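# Summary of structural features
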Amino acid sequence: AMAATPFSWTGHFVIKKPWTEVMRAAQLKYPNPYNTSVLSIDVVSRSIDAETGALHSIKLFNSSWPMFSSGGELRAVERTVVNPQKKYMLLESNNVDMRGVLKAYEKLEYEVHPENKEWTIIHHRISVDAFRFIAYAALSASQKAADSGREALNWAIENRVENFMPKSVPALPAISAATPTVPRINNKPTPLPPLFN
């Protein structure tokens, strides 16, 4: 189901696969024949929160968006939190380029489906801050990209997770002092750098 407002849209989608497989596929999605706009991904930082076991990552995406950039490419920063204990994954991203014209924010939450523990539900939201004409064009492009993104995710499940990854994962080693962790102040996690507003 999809609900649209002039400058944002929200969708809730069910993938009939377990959360662990969907989470792995999301991490292994690129390169992908169903979403060829992603040209490169650079991991800027990655750490594990010693208290929760959640993996925090910041990545820089370089994508082809000829509609919005004279160079044909647009960069975005993605912040990811994967919490295997709660079976929850959060992806948030903002564009880096063209911010004087367009500010786009995307949020995806992956959770175990409340009615079927073998399925995953994805909550997807995109909002755009831009002049009306540009906002409508960006939202239309983002809806198409979301559709191809789900196809790409299904492709990654079938071609990367199911065919190449073991069904069970060995237990992770205990976190030691040498393992990078989220910085802490007064025994509380320091917030990650804020995404652009």
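Please read all numbers here as calculations on a predicted model, not as lab measurements. (Residues numbered from 1 in each chain as written. Predicted model: local features only at pLDDT ≥ 70, side-chain atom pairs only at ≥ 80, totals over all residues. Heavy atoms only, no water.)

Quick look at the overall build of the protein now. When its secondary structure is counted, the protein shows two helices and ten strands. Along its sequence from the N terminus, the protein presents helices and strands in the succession β-β-α-β-β-β-β-β-β-α-β-β. Split into buried and exposed, the 197 residues of the protein put 37% on the buried side. For the protein, long-range pairs separated by at least 24 residues make up 56% of all intrachain contacts whose partners lie at least 6 apart in sequence. Counting only carbon and sulfur atoms, one obtains 58% of the accessible surface of the protein, whose full area is about 11,500 Å². (Helix = DSSP H or I, 4+ residues; strand = E, 2+ residues; numbered from the N terminus. Buried < 20%, exposed > 50% of the residue type's maximum accessible area, 1.4 Å probe, protein only. Contact = heavy atoms within 4.5 Å. Areas by Shrake-Rupley, 256 points an atom, 1.4 Å probe, with all protein chains shown as cover.)

Counting residues in hydrophobic clusters, the biggest one holds 16 residues, and the most contacted among them are Met89, Tyr110 and Leu153. Those elements giving two or more residues to this core turn out to be α1 (19-27), β6 (88-95), β7 (102-112) and α2 (132-164). Here this core gets five residues from one element, more than from any other, and that element is α1. Beyond its immediate stretch of four places on either side in the chain, Met89 contacts Trp19, Met23, Ala26, Gln27, Thr80, Val81, Val82, Leu108, Glu109 and Tyr110. Of all hydrophobic cores here, the second largest spans ten residues; its members include Ile126, Val128, Leu139 and Ala146. (Core = buried A, V, L, I, M, F, W, Y, C linked by side-chain atoms within 4.5 Å.)

Here we come to the environment of Leu74. Relative to the elements of secondary structure, Leu74 occurs in strand β5 (residues 73-83). According to the relative accessible area criterion, Leu74 is buried, its value standing at 9%. In sequence terms Leu74 and Asp97 are 23 residues apart; their C-alpha atoms lie 5.9 Å from each other.

Let us now look at the pattern of salt bridges. As enumerated under the stated definition, the model contains two salt bridges in all. Residue Asp97 is joined to Arg75 by a salt bridge in which the shortest nitrogen-to-oxygen separation is 2.7 Å. Remark: Arg75 occurs in strand β5 and Asp97 occurs in the loop between β6 and β7; sequence separation between them is 22 residues. Here Arg79 ties to Glu92 by a salt bridge, and the two come within 2.5 Å at their closest N and O atoms. Taken together, the residues span a long stretch of sequence, with Arg79 in strand β5 and Glu92 in strand β6 at a distance of 13 residues. (Salt bridge = Lys/Arg side-chain N within 4 Å of Asp/Glu carboxyl O.)

This part takes up the pairing of strand β8 (residues 120-130). Most of β8 is tucked away: eight of the eleven residues are buried. As defined by bridge partners, strand β2 (residues 8-15) adjoins β8 across eight bridges and the pair is classed as antiparallel. Opposite His12, over in β8, you have His123 as the bridge partner. (Pairing = 2+ DSSP bridges.)

So, about the pairing of β5. Note: strand β4 (residues 55-64) against β5, ten bridges, orientation antiparallel. Looking at the pairing, Leu55 lines up with Val82 of β5. As defined by bridge partners, β5 adjoins β6 across eight bridges and the pair is classed as antiparallel. What sits directly across from Val82, in β6, is Met89.

Of note, the bond from Tyr30 into Pro31 is cis; its omega dihedral lies within 30 degrees of zero at -5°. One can find Pro31 in the loop between α1 and β3 (38-48). The residue Lys87 is not glycine, and still its phi comes out positive at about 50°. Mapped onto the elements, Lys87 comes out in the loop between β5 and β6.

It is worth spelling out the side chain of Asn95 at this point. Along the polypeptide, Asn95 turns up in strand β6. Here the side chain of Asn95 touches Asp97 through a polar contact of 2.7 Å, landing on its backbone oxygen. (Polar contact = N/O pair within 3.5 Å; in protein donor to acceptor, adjacent residues only side chain to side chain.)

Once that is clear, we can look at the confidence of the model for the protein. Chain-level pLDDT for the protein is 79 on average; 76% of the residues reach the 70-or-more range. For residues 1-6, every residue scores under 50 in pLDDT, and the model assigns this stretch 16 contacts once sequence neighbours within four places are set aside. Contacts for the low-pLDDT stretch residues 175-185, under 50 throughout, to residues beyond four places or in other chains number 25 contacts. (pLDDT = per-residue confidence, 0-100.)

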